[in-house]
Amino acid sequence: MSFRVVIPARFGSSRLPGKPLLDICGKPMVVHVYERALQSAASDVVVATDDPRIEAVLRELGAPVVMTRADHPSGTDRLQEVAAHFGWAADDIVVNVQGDEPLIPPAVINQVAENLMQASAASIATLAEPIHSAEQLFNPNIVKLVRDASDHALYFSRAPMPWARDAFAQSREQLPPEALSLYLRHLGIYAYRVGFLHDYVSWPPALIERVEALEQLRALYQGVKIHVGVAAVELPPGVDTQADLDRVRVVMAAQLASRSV
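Given the structure is predicted, the values throughout are model-derived calculations rather than measurements.

When helices and strands are counted, the chain shows ten helices and eleven strands. Viewed in the frame of its principal axes, the chain has a C-alpha envelope of about 60 × 45 × 35 Å. Buried positions account for 49% of the 261 residues belonging to the chain. For the chain, the share of sequence-separated contacts (at least 6 apart) that also reach a separation of at least 24 residues comes to 68%. Of the roughly 12300 Å² of accessible surface on the chain, a fraction of 52% belongs to carbon and sulfur atoms. Between the averaged position of the 23 positive side-chain charges in the chain and that of its 30 negative side-chain charges there is a distance of 2 Å.

This next bit is on the side chain of Gln 216. Note that Gln 216 resides in helix α9 (residues 216–221). Judged by relative accessible area, which is 7%, Gln 216 ranks as buried. Among the polar contacts listed, one links the side chain of Gln 216 to the side chain of Tyr 190, at a separation of 3.4 Å. When residues no more than four places from it in sequence are discounted, the contact partners of Gln 216 are Val 143, Phe 156, His 186, Tyr 190 and Ile 226.

What follows is about the side chain of Thr 76. Tracing the sequence through the fold places Thr 76 in helix α3 (residues 75–86). Its relative accessible area of 3% is what places Thr 76 among the buried residues. Polar side-chain contacts of Thr 76 include one of 3.3 Å to the side chain of Tyr 192. A polar side-chain atom of Thr 76 sits 2.4 Å from a polar atom in the side chain of Glu 215.

As a rule of thumb, nonpolar side chains are buried together in soluble globular proteins. In terms of nonpolar packing, the biggest core is built from 34 residues, with Phe 3, Val 5, Ile 7, Val 95, Val 97, Ile 109 and Ile 189 touching the most fellow members. For this core, the secondary structure elements donating two or more residues are β1 (4–9), α1 (29–38), β4 (44–49), α2 (52–61), β6 (93–96), α4 (106–118), β7 (124–130) and β10 (184–193). Residues in contact with Val 97, not counting those within four places in the same chain, are Val 5, Val 6, Ile 7, Pro 8, Val 33, Ile 104 and Ile 109. Counting 30 residues, the second largest nonpolar core, distinct from the first, contains Ala 153, Val 194, Leu 217 and Val 228.

Our next topic: the pattern of salt bridges. Applying the stated criterion to the full structure yields 13 salt bridges. The shortest N-O distance in the salt bridge between Glu 35 and Lys 27 comes to 2.9 Å. Note on Glu 35: relative accessible area 27%, which makes it partly exposed. Its relative accessible area of 32% is what places Lys 27 among the partly exposed residues.

Another aspect to go through is the environment of Val 5. Tracing the chain through its elements places Val 5 in strand β1. Among the residues examined, Val 5 registers a relative accessible area of 0% and is labelled buried. Separated by 74 residues in sequence, Val 5 and Leu 79 have C-alpha atoms that sit 9.6 Å apart. What Val 5 contacts, discounting residues up to four positions off in sequence, is Ala 37, Ser 40, Ala 42, Asp 44, Val 45, Val 46, Val 95, Val 97 and Ile 109.

Let's shift gears to α1. The element α1 is largely enclosed, with a buried count of eight among its ten residues. Of the residues making up α1, those classed as buried are Met 29, Val 30, Val 31, His 32, Val 33, Tyr 34, Arg 36 and Ala 37.

A separate point is α4. With 13 residues, α4 should reach 18 Å at 1.5 Å per residue; the first-to-last C-alpha distance of 19 Å fits that figure. Taken residue by residue, α4 has Pro 106, Val 108, Ile 109, Gln 111, Val 112, Ala 113, Asn 115 and Leu 116 as its buried positions.

Burial of β1 is extensive: six of the six residues sit out of reach of the surface. Neither face of β1 is exposed, since Arg 4, Val 6 and Pro 8 on one face and Val 5, Ile 7 and Ala 9 on the opposite face are all buried. The pairing of β1 with β4 spans six bridges and is parallel. Opposite Val 6, over in β4, you have Val 46 as the bridge partner. Of the strand pairs in this sheet, β1 and β6 are connected by three bridges, and their pairing is parallel. Paired with Arg 4 across the strands is Val 94, a residue of β6.

Moving on, we get to unusual backbone geometry. Most peptide bonds adopt trans geometry, and most residues besides glycine take a negative phi value. Following Met 161, the chain continues into Pro 162 via a peptide bond in cis, with omega recorded as 0 degrees. With respect to the secondary-structure elements, Pro 162 resides in the loop between β9 (153–157) and α6 (165–170). Here the phi dihedral of Asp 151 falls at roughly 65 degrees; this positive angle occurs in a residue that is not glycine. Within the secondary structure, Asp 151 is located in the loop between β8 (144–147) and β9. In the Ramachandran plot, Ala 213 falls in the positive-phi region, its phi being about 60 degrees despite a non-glycine side chain.

What counts and how
- Residues numbered from 1 in each chain as written.
- Predicted model: local features only at pLDDT ≥ 70, side-chain atom pairs only at ≥ 80, totals over all residues.
- Heavy atoms only, no water.
- Helix = DSSP H or I, 4+ residues; strand = E, 2+ residues; numbered from the N terminus.
- Buried < 20%, exposed > 50% of the residue type's maximum accessible area, 1.4 Å probe, protein only.
- Contact = heavy atoms within 4.5 Å.
- Areas by Shrake-Rupley, 256 points an atom, 1.4 Å probe, with all protein chains shown as cover.
- Lys, Arg positive; Asp, Glu negative; His and termini not counted.
- Charge placed at Lys NZ, Arg CZ, Asp CG, Glu CD.
- Polar contact = N/O pair within 3.5 Å; in protein donor to acceptor, adjacent residues only side chain to side chain.
- Core = buried A, V, L, I, M, F, W, Y, C linked by side-chain atoms within 4.5 Å.
- Salt bridge = Lys/Arg side-chain N within 4 Å of Asp/Glu carboxyl O.
- Expected span 1.5 Å × (residues − 1).
- Pairing = 2+ DSSP bridges.

See below:
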């Protein structure tokens, strides 16, 4: 298995300014992400940033860093710049590991890369996990998806789907037992073929992408196949808020304490 990991890390964040450099148990968050990625089977791990402060921290570790433009609208665009910088081949596979995922399991990184290698018709692979409650299904902050018989995505949405017409006409308090296997929550980890990245940045945002505020819909709109696997291990939530950061600090401290026993 041969693939690369790119970690986009922006300094700017409306809710947590300087998020990649926030301390977690004595290390900046982005360093934890980098070290987790190194534990995967990736042949290379590169951090892509637009801020010299992040660059300086990683250079001290000897970590490969690419300074990218500051005006990229998404992490996908930043990945494309890195791929172009290194001249990676169109068939090469790149996994996008977010810089705010300090607890990401290396097994998940390997899984999404392996899935794309096996899914020859797909240009993207991503992961999902089962939805177990109506509260999750009706939460617009949780992205839902529906797959076809080949595990390719049919659609992603913030709306509840698929809509259980008869069951939800009676009650929306619980999921219909007969349809439980259909309800999936999208997890924000992707593997891409480099050729797709070059195509993606040439396409204008699709209307459905703008309406749903989901960039993966641009790919579906253009007819690109997205393979969706169910995550083999649980993917812990990333860090978006101070509460998330506090939670991760507690989890990380407990993990470090257990290793020292």
